[in-house]
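Here is what each chain is made of, one letter per residue.
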Amino acid sequence: MPKTRTVFLSVIFLLIAVAGLMYWTLAASLPKQNGELKLPGLTAAVSVQSDTLGVPFIAANSREDAFRTLGYLHARDRLFQMELMRRKSAGRLAELFGASALKLDRKQRTYQLSRTAATIVKDLPAGQRQALQAYVEGVNAYILQARVLPPEFLVLRHSPEPWRAEDSILVALGMFQTLNGQEQDERMVSVMEQALPADLLTFLTPDTDTFATVLVGGNSSRRFSETIPVQALAALPNVDADLAYNRVDAENVVAGSNNWVVAGSKTVDGRAIVANDMHLGLGVPNVWYRADLKYGDRHIYGVTLPGLPAVVVGGNDDVAWGFTNVTADLVDLVRLDIDPANPQHYRTPQGWRDFTGHIETIKVKGAADVEMSLQDTIWGPVSDQLLLGRPVAVKWAALEPHAVDLGLLEMDSARSTQQAMIIMNAAGGPPQNVVFADRRGHIGWTYMGRFPKRVGFDGLASRSWADGGPAWRGYIPPEELPRLLDPAEGFIATANNRTLGSEYPYVIAHNWALGYRAFRIAELLRGRQGLTEPDLLAIQLDSRSGALDFYRQLALAEMGGLNTQDTELQEVKLALQAWDGQMRTSSVGAAFLQEFRKRLAEQVFAKVVAACRAHDPDFHYAWREMETPLRQVLTQRPAGMLSSRYHDDWRQMITDTVRQTRQELHRQYPDTDLRNLSWGLTHGMTLQHPFSRVAPFLGNVLDMPAFASDGCASVCVRVMDNGHGASERLVLSPAHPDDAIFHMPGGQSGHPLSPHYRDQQLFWQNGIASPLQTIIKPYTLSVTPE
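Residues numbered from 1 in each chain as written. Predicted model: local features only at pLDDT ≥ 70, side-chain atom pairs only at ≥ 80, totals over all residues. Heavy atoms only, no water.

Q: Explain the overall build of the protein to me, using residue names and the numbers behind them.
A: From N to C terminus, the protein includes 24 helices and 30 strands. Its C-alpha atoms give the protein a radius of gyration of 27 Å, within 12% of the compact-globule value 28 Å for 786 residues. Taking the principal axes of its C-alpha atoms as reference, the protein extends roughly 80 × 75 × 75 Å. Residue pairs in contact within the protein that sit at least 24 positions apart in sequence constitute 72% of those at least 6 positions apart. (Helix = DSSP H or I, 4+ residues; strand = E, 2+ residues; numbered from the N terminus. Rg over C-alpha atoms; globule rule 2.2 N^0.38 Å. Contact = heavy atoms within 4.5 Å.)

This is the structure:
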């Protein structure tokens, strides 16, 4: 017995020792916030003071020293995130994660972003290249000096390669791809064009809706059909609506944002204020990193993207700005005409040409290397997916010369809204709506980025470019980009919606986001005076969903004359009558309306989906302005559109959809009556670390605690959904930065043992006003040249 007890105690002691060693190792990798640091390449000493949330305030003599220090801090706090971003863009994740990442790597290698990044670095203006090189050297200084690497590297037994200037551009290209680099819109429309009559295609792909809020170019749109093409719809083959299940994306989440700016005429004391919340994938750590940089006579602050030397949105001492995605059409799939006598030839306006190509090797952890053959054309790389059975080349703005640069660096010199607009017009990167406010109360809006000038076609669907008709002829000149300065209404708002009328001479986009968010923001601003920063935060947190009013009224109207003894319908009716018009955690009826809208769209567009699936089995109908044709047919109820089993009885179809929606919600929540089914019960949020996605048992340590939230995926201003939502909230007047408000999920640090891993979470989660800048800075890091 004593011997057994001795063995037991020895095992316990060994386990404690191992656990202690593991904890010590992890603790040793925690970043240093106080003390002294030697940083090679500095021209003078730099001071880094950090506030109670770990936000650094960098004071340097030069721009290069400031960004060298920022590179060090990015690596110190977010190195593994940076590692994943550069590898994802380059198609090198399988080196870390094995065969599970091979499919994504193959797709990324097709775009050849590493080659593009190398070209961009060579083409950067000298000043931008110097700032980038200083930043890179700062990142590498941390990698060399780190005693123990962050925990993820220890788990994977991986040491990062030195950071390169090309890696920073890969991070920028990765964000470009997230916002404006997807092929699916053109693939979808090309299949629809093949499967459907032209009038039906136009009807199903409008560029406007009842909530349209246009800024310039007149009120008319380019693509809208007031008439339902009844004959074309009726001629489609009859199908069962189940064929469209989960193939109609009525929610249509977009990587986008809200931004608006109010002039001094509408605020409490004449200050102009910018409000911005950017909607992206939510995870741990957050995509953004806060920083404040002062060098020489320049001061710039806001959010940065780890891996890049730039303040993305924020302010300087004179101007504030915020972004929303333009949802521009920047990708064309060029249909390739292959020589029947030689499959290695494709036709161009200059005649037959050989494909150029090379072999790439993908290293796979724990498995043999994989080789893949890549082909190129004069227009761009050949896609890895056929379109309607034919090869296509990818003509994507991000792969074009000068489409990406570090022009945002120049925002440190903007002294007015007008100057800031000129800088943004000239900057490369993912195209953005940018709103501005300056300390003198002026406001403005314009575009940032490069937009192709198309000739011979509008870019909506795939075309052959072999005859020289369709083509890109450079970019829209910066001075011809749309802009608005000091409008009489006193505010400007965008939310990925259509901001241009048909009088604007260039086609920028086709598949704009539903206009409801921009409409609602304008509705809340119009007529208001004496606005303050807390007032604008309240708008960012608004969860009213007027877009769903139509569906509530529709369901109640159709149930109105039915049997009052039908307990199922009575349950639905009472739930809908209880809906408060909001998407709050307490809102009853919201979950029903969201599911009801989705199922109605699947019913109504079933024949369309089936016709298109005959040409492409993977087809999904995901037009963001789908709301327009959906409301038109639900209101006018044309004959021949529904499945034949309904015999054109729209009321029966709608009532059946009400019942099916009820059944689905009871299947998911069997113990809850719809009259008690709150939005919060159905709208849980989790923010996950990449490791917990594959090893859920790590979630308690690495993830943010699960919570329910007000807001929704796309039809309210407060965009909050599981895995997608407001990645930050900023409310800032450049004249009064001390009053600015800021939110972001998680915290500054990517280290789970850091006090700054999750210390900003509750402010963001609960909508509690938190200052952008604080006076108390308890940490000081003295950085000196080596």
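Q: Could you give me a rundown of the packing of helix 15 (residues 549–559) against helix 20 (residues 650–668), with the residues and numbers involved?
A: Across the interface, helix 15 lies against helix 20 with an axial gap of 10 Å and an inter-helix angle of 110°. Accordingly, the angle class assigned to the pair helix 15 and helix 20 is roughly perpendicular. Across the interface between the two elements, Leu554, Ala555, Ala557, Glu558 and Met559 from helix 15 touch Arg651, Ile654, Thr655 and Val658 from helix 20. Grouping the constituent residues of the contact of helix 15 with helix 20 by class yields six nonpolar, one polar and two charged. (Axes fitted to C-alpha atoms, helices over the stretch in contact; angles between N-to-C directions. Parallel < 35°, antiparallel > 145°, perpendicular 65-115°, else oblique. Nonpolar A, V, L, I, M, F, W, Y, C, P; charged D, E, K, R; others polar.)

Q: Mind laying out the pattern of salt bridges, listing which residues take part and the relevant values?
A: Should the charged atoms of two oppositely charged side chains come close, the side chains can pair. For the structure on display, the rule yields 51 salt bridges. Between Arg86 and Glu83 there is a salt bridge, with the nearest N and O atoms lying 2.6 Å from each other. Of the two residues, Arg86 and Glu83 are both situated in helix 2 (residues 63–90); the distance of three residues between them amounts to about one turn of the helix. Glu83 carries the same exposure label as Arg86, and that label is buried. With a shortest N-O distance of 2.5 Å, Arg544 and Asp549 are connected by a salt bridge. For Asp549, a relative accessible area of 21% gives the class partly exposed. (Salt bridge = Lys/Arg side-chain N within 4 Å of Asp/Glu carboxyl O. Buried < 20%, exposed > 50% of the residue type's maximum accessible area, 1.4 Å probe, protein only.)

Q: Summarise the nonpolar core; cite the residues concerned and give the values.
A: Here is a general trend for soluble globular proteins: nonpolar side chains tend to be buried in one another's company. Ranked by internal contacts, the top residues of the largest apolar core, which has 227 residues, are Trp321, Ile508 and Tyr621. Sort the elements by how many residues they give to this core and helix 2 lands first, with twelve residues. Excluding its chain neighbours within four sequence positions, the residues that come into contact with Ile508 are Val326, Ala328, Asp329, Tyr447, Phe451, Ile476 and Leu500. In terms of nonpolar packing, the next biggest core, distinct from the first, is built from 18 residues, Phe491, Ala493, Ala522 and Leu541 among them. (Core = buried A, V, L, I, M, F, W, Y, C linked by side-chain atoms within 4.5 Å.)

Q: Would you mind going over helix 5 (residues 113–123) in detail, with residue names and values included?
A: Buried within helix 5 we find Leu113, Thr116, Ala117, Ile120 and Val121. For helix 5, the arc enclosing every buried residue in end-on projection is 135°, short of the 170-degree limit, so these residues lie on one face. The elements touched by buried residues of helix 5 are helix 2, helix 4 (102–111), helix 6 (126–145), helix 8 (165–180) and strand 16 (392–396). (Arc of directions from axis to C-beta.)

Q: Help me get a handle on the sheet that holds strand 10 (residues 331–335), residues and values and all.
A: Across the sheet, which stays open at both edges, the three strands sit in the order 16-10-20 with mixed pairing between neighbours. Two strands bound the open sheet, and with one partner strand each, they are strand 16 and strand 20 (463–464). Sheet topology places strand 10 next to strand 16; five bridges connect them, and they run antiparallel. When the sheet's bridge partners are listed, Val334 is paired in strand 16 with Ala393. (Pairing = 2+ DSSP bridges.)

Q: Can you break down the state of the cysteines residue by residue, with the values?
A: Across all of its chains, the model carries one disulfide by this definition. Each sulfur of the disulfide joining Cys712 and Cys716 lies 2.4 Å from the other. Like Cys712, the residue Cys716 is buried in the burial classification. (Disulfide = S-S within 2.5 Å.)

Q: Kindly report on the sheet that holds strand 13 (residues 351–354), identifying the contributing residues and their values.
A: With respect to topology, three strands assemble into an open sheet ordered 11-12-13, the strand pairing being antiparallel. In the strand order of this sheet, the two ends are held by strand 11 (338–339) and strand 13, each with one partner. One ladder, built from two bridges, connects strand 11 with strand 12 (residues 342–348); its direction is antiparallel. Considered in strand 12, the bridge of Asp339 is made with Asn342.

Q: Please set out unusual backbone geometry residue by residue, giving values where relevant.
A: In this model, Val284 is joined to Pro285 through a cis peptide bond whose omega is -5°. Mapped onto the fold, Pro285 is located in the loop between strand 5 (273–281) and strand 6 (289–295). Although it is not a glycine, Gln112 sits at a positive phi angle of roughly 55°. Tracing the backbone shows Gln112 in the loop between helix 4 and helix 5. Here the phi dihedral of Asp486 falls at roughly 50°; this positive angle occurs in a residue that is not glycine. Summarising the element assignment, Asp486 is placed in the loop between strand 22 (483–485) and strand 23 (491–494).

Q: So what's going on with helix 2? Residues and values would help.
A: Owing to its 3.6 residues per turn, the α-helix brings residues three or four apart onto one side. An ideal rise of 1.5 Å per residue puts 40 Å on 28 residues; helix 2 reaches only 29 Å between its terminal C-alpha atoms. Where burial is concerned, most of helix 2 is hidden: 26 out of the 28 residues are buried. The positive-phi residue at the C-terminal boundary of helix 2 is Gly91, with phi of around 75°. (Expected span 1.5 Å × (residues − 1).)

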